[in-house]
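Breakdown of the fold
As a plain string of letters, each chain reads:
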Amino acid sequence: MTGSRRPVLSRRALIGTGLAVGAAALTAAGSGTAGAAERPSTTRLPARQRAYSFLAATMDAYPEHGTIRLAQSYTDQAGLFSTAFTYDNALTVLAHLAARTREGHARAVALGDALLYAQAHDPAHDDGRLRQAYNVGPYTFYDGSPQPYGFVRADGTANVGTQFGFTGTAVGDMAWAGIALSALARRTGERRFLTGAVRIGEWIERVGRTDEPLGGYKFGVDGADRKLPFTSTEHNTDLIGLFGRLARLTGDPVWLERRARAAAFVTKMWEPSGGFFYTGTDDGVTINKSPVPEDTQTWTHLALSSPAHARSLDWAAAELAVLDTADRRNSTVPAGQTYEGVTFSSASLLANEDAPIAAGQPRPDRNGVWFEGTAHLALALRHRHAPGDETRARRLLASVERAQDLLGGDQTIGARALPARSGVVSASSPLDTGFGFGYYPYRHTGATAWYLLAAARANPLGA
């Protein structure tokens, strides 16, 4: 981070009441079976097909624990065991729908039904919320305590990720789950998916709406159900997408008013002199000027389609551009390989390379490529479609595909070998986000899903 002021939390930051770690902030010290060989393939499958085989493996890792299931977010080597983040699973639903295949449809419906199950079987609340993450398979935690269940506990409740403190509810996570459910409602015509999405929207309205000077919708609640004071540009961008979809599906104009409220906050975060969006506010009054993240530049374009703000893509492409090579000081890229793309935020480029991101973690590489964000940018460039955008998008996607080919080998899900060269790692080398957590070279459902959405030109934030 730069400066002494604490930045507004990201969607990916911990919002529970347990351990102070963020998504993918653990190393292989507590990993599952490391070094297991990938399942061999007799033919070289297309990149997209291999990506979908990874998503399938993350969903099918614990067959003995029932058919109601979510997908494990990271490979075992990340040390998060069977954690399934709500955000990642929402993206996985959208990626499967983008495939437009019978298998993809069935998997999207199964994951959507699991999200509905979690909504209806929370161990403490019956108000439409989802938690930050769930457990989907058994493991023994670092302190020796057993976690014997799959996604559904013996008493029928959803298995909330209490071990890591992933017990809070963020507006952004909820919005993405609502987007996924509304996409299922539109594709299938099944009323249950729209009902679940509306419940999510109503929870956000009750809990998140604020009349502070900057307006918009606030961050959500922690695991103790205490409201968090931050307001995020990213979250309100997500709400533009969700509320727009709900307006279209329900015909109720109240969702248009709510969409306009979220959009008004987002446009207040615009910095016209630099052509980018700030990250949000801690107090509802003062805009946080640093760090500036990537997703507030790309997602805003996907959600708003605003020519007046389209320069944000050029800012991200120029100001957050990185090239990771093996000769970088803290790079973990193998010799002879290079990867281009974007990093997480402006603070990532200024990370302290002499110290680990967190205790016990590796030191960061300032040029580590964030592949999820690289896919965001590729999709947004394709959506804008200005001269040169398609060429740039293809170069970025080629870098992501090269990472799928060459990085993250011998990683496992549920101690099971993965299909060869399947799944995209979250980062080419250890990467400090500047928001209190890092990304590492572990295969990740979120990064893989965003790659598939970009490859299919599928805009998840459009109404």
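Here's what I pulled together on the structure shown here. For every chain, the first residue of the written sequence is number 1, and numbering continues from 1 along that sequence. With pLDDT at 70 or above as the cut-off, local features in this predicted model cover only qualifying residues; side-chain atom pairs require 80 or more to be listed or tallied, and sums for whole chains, interfaces and linings still use all residues. The side-chain numbers reported here are obtained from all heavy atoms of the structure, hydrogens and water having been left aside.

**Quick word on the overall build of the chain**
Here is the rule: We count a stretch as a helix when DSSP gives it H or I for four or more residues in a row; a strand needs E for two or more, and each element gets its number in order from the N terminus. We take the radius of gyration over the C-alpha atoms and set the globule estimate at 2.2 Å times the residue count to the 0.38 power. Buried, partly exposed and exposed residues are distinguished by accessible area as a fraction of the type maximum, computed with a 1.4 Å probe on protein chains only: under 20%, between the cut-offs, and over 50%, respectively. Contacts are residue-level and defined by heavy atoms, with any inter-residue pair within 4.5 Å sufficient. All accessible-area figures derive from a Shrake-Rupley calculation using a 1.4 Å probe, and residue coverage is judged against the displayed protein chains alone.
Counting its regular elements, the chain contains 12 helices and 18 strands. The C-alpha atoms of the chain give a radius of gyration of 20 Å, which matches the 23 Å a tight globule of 463 residues would have. Projected onto the principal axes, the alpha-carbon positions of the chain cover approximately 55 × 50 × 45 Å. The buried share of the chain, taken over its 463 residues, is 62%. If you take every contact in the chain between residues at least 6 apart in sequence, the share linking residues at least 24 apart comes to 72%. Accessible surface for the chain amounts to roughly 16,100 Å². Of this, 52% is attributable to carbon and sulfur atoms.

**Topic: the side chain of Arg-382**
Counted only if it meets this: In protein, a polar contact requires one atom able to donate a hydrogen and another able to accept it; more generally it is a pair of N or O atoms within 3.5 Å, and residues adjacent in sequence count only if both atoms are side-chain atoms.
Mapped onto the fold, Arg-382 is located in helix H10 (residues 371–384). A distance of 2.9 Å separates a polar side-chain atom of Arg-382 from the backbone oxygen of Ala-454. Residues within four places of Arg-382 in sequence aside, it is in contact with Glu-390, Ala-393, Arg-394, Leu-397, Ala-454, Ala-455 and Arg-457.

**Points about the side chain of Gln-297**
Residue placement: Gln-297 occurs in helix H8 (residues 295–304). Side-chain polar atoms of Gln-297 contact the side chain of Thr-296, separated by 2.8 Å. If we skip the residues at most four places from it in the chain, Gln-297 touches Phe-276, Phe-277, Val-292, Ser-312, Leu-313, Trp-315 and Ala-316.

**Looking at the pattern of salt bridges**
Put simply, the rule is: Only one rule defines a salt bridge in this text: a Lys or Arg side-chain nitrogen within 4 Å of an Asp or Glu carboxyl oxygen.
The final tally for this structure, using the stated rule, is 29 salt bridges. Between Asp-60 and Arg-69 there is a salt bridge whose closest N-O contact spans 3.1 Å. The partly exposed category is assigned to Asp-60, whose relative accessible area is 30%. Lys-218 is paired through a salt bridge with Glu-212; the nearest N and O atoms lie 2.8 Å apart. For Lys-218, a relative accessible area of 12% puts it in the buried group. A relative accessible area of 25% means that Glu-212 is categorised as partly exposed.

**Let's talk about helix H4 (residues 171–188)**
Rules: The span one expects for a helix is its residue count, reduced by one, times 1.5 Å.
End to end, H4 covers 25 Å across 18 residues, agreeing with the expected 26 Å (1.5 Å per residue, within 8%). The element H4 is extensively covered by neighbouring structure, given that 15 of its 18 residues are classed as buried. Following H4 by one or two positions, Gly-189 has its phi on the positive side, about 75°.

**Description of the environment of Phe-81**
Within the secondary structure, Phe-81 sits in the loop between helix H1 (47–59) and strand S1 (83–85). Relative accessible area serves as the criterion here: at 15%, Phe-81 is assigned to the buried category. Each C-alpha atom, one on Phe-81 and one on Gly-137, is 8.1 Å from the other, the two residues being 56 residues apart in sequence.

**Here we look at the nonpolar core**
Selection criterion: Buried Ala, Val, Leu, Ile, Met, Phe, Trp, Tyr and Cys residues that are joined via side-chain atoms within 4.5 Å together make up what is termed a nonpolar core.
Within the largest apolar cluster, 109 residues are counted, with the highest numbers of intra-cluster contacts made by Trp-176, Ile-204 and Trp-450. In terms of residue count, the dominant contributor to this core is H4 (11 residues). Setting aside anything within four residues of it in sequence, one finds Ile-204 in contact with Val-171, Met-174, Ala-175, Arg-209, Tyr-217, Leu-239, Leu-242 and Phe-243. In terms of nonpolar packing, the next biggest core, distinct from the first, is built from 20 residues, Ala-78, Phe-344, Tyr-439 and Tyr-442 among them.

**A closer look at the sheet that holds strand S8 (residues 231–232)**
What counts here: If DSSP finds at least two bridges between two strands, the strands pair.
In spatial order, the strands read S8-S11-S12; together these 3 strands make up an open sheet with antiparallel pairing. With one partner strand each, in any of the chains shown, S8 and strand S12 (287–288) form the two edges of the open sheet. Judged from the 2 bridges that link them, S8 and strand S11 (residues 280–281) form a sheet pairing that is antiparallel. Looking across to S11, one finds that Thr-231 is bridged to Thr-281.

**What about unusual backbone geometry?**
Cis rather than trans, the peptide bond between Ser-290 and Pro-291 has omega equal to -5°. The phi angle at Asp-225 is positive, at roughly 70°, despite the residue not being glycine. Counting through the fold element by element, Asp-225 comes out in the loop between strand S6 (220–221) and strand S7 (227–228). Residue class for Asp-225 comes out partly exposed when judged on its relative accessible area of 36%.

**Details of the sheet that holds S6**
Read across the sheet, 3 strands follow the order S5-S6-S7 without closing on themselves; strand pairing throughout is antiparallel. Sheet topology places strand S5 (169–170) and S7 at the edges, where each strand pairs with a single neighbour. Relative to S6, S5 runs antiparallel, the two being bridged by 2 bridges. Within S6, the position partnered with Ala-170 by the bridge is Gly-220.

**With respect to the packing of aromatic side chains**
In plain terms, the rule: Paired rings are identified among Phe, Tyr and Trp, the last through its six-membered ring, by centres lying within 6.5 Å, and are further divided according to the angle between planes into stacked (under 30 degrees), edge-to-face (over 60) and tilted (the rest).
All chains considered together, the criterion is met by 31 aromatic pairs. An angle of 85° between the planes, with centres 6.0 Å apart, marks the rings of Tyr-339 and Phe-371 as edge-to-face. Of this pair, Tyr-339 sits in strand S14 (residues 338–342) while Phe-371 sits in helix H10, placing them 32 residues apart in sequence. The burial state of Tyr-339 is the same as that of Phe-371; both residues are buried. Seen in terms of ring centroids, Phe-344 and Phe-435 are 5.7 Å apart; in terms of plane orientation they differ by 70°. Their pairing is edge-to-face. On the criterion of sequence distance, the pair formed by Phe-344 in the loop between S14 and H10 and Phe-435 in the loop between strand S17 (431–432) and strand S18 (438–439) is long-range, its members being 91 residues apart.

**Considerations on the packing of H4 against helix H6 (residues 233–250)**
Each pair of packed helices gets described by two things: the angle between the helix axes and the distance between those axes. Convention followed: Fitted lines through C-alpha atoms give the axes, limited to the stretch in contact for helices. The angle between two N-to-C directions lies from 0 to 180 degrees. Here is the rule for angles: anything less than 35 degrees is roughly parallel, anything more than 145 is roughly antiparallel, 65 through 115 is roughly perpendicular, and the remaining ranges are oblique. A clockwise turn of the near helix away from the far one marks a right-handed crossing, whereas an anticlockwise turn of less than a right angle marks a left-handed crossing. Amino acid classes used here: Ala, Val, Leu, Ile, Met, Phe, Trp, Tyr, Cys and Pro are nonpolar; Asp, Glu, Lys and Arg are charged; the rest, including Gly, are polar.
One can describe the packing of H4 onto H6 by two numbers: an axis separation of 9 Å at closest approach and a directional angle of 30°. One element, H4, and the other, H6, form an angle in the roughly parallel class. Once H4 is placed against H6, the crossing between them reads as left-handed. Here Val-171, Gly-172, Ala-175, Trp-176, Gly-178, Ile-179, Ser-182, Ala-183, Ala-185 and Arg-186 of H4 lie close against H6, whose contacting residues are His-235, Asp-238, Leu-239, Gly-241, Leu-242, Arg-245, Arg-248 and Leu-249. Residue classes in the contact of H4 with H6 are distributed as 9 nonpolar, 5 polar and 4 charged.

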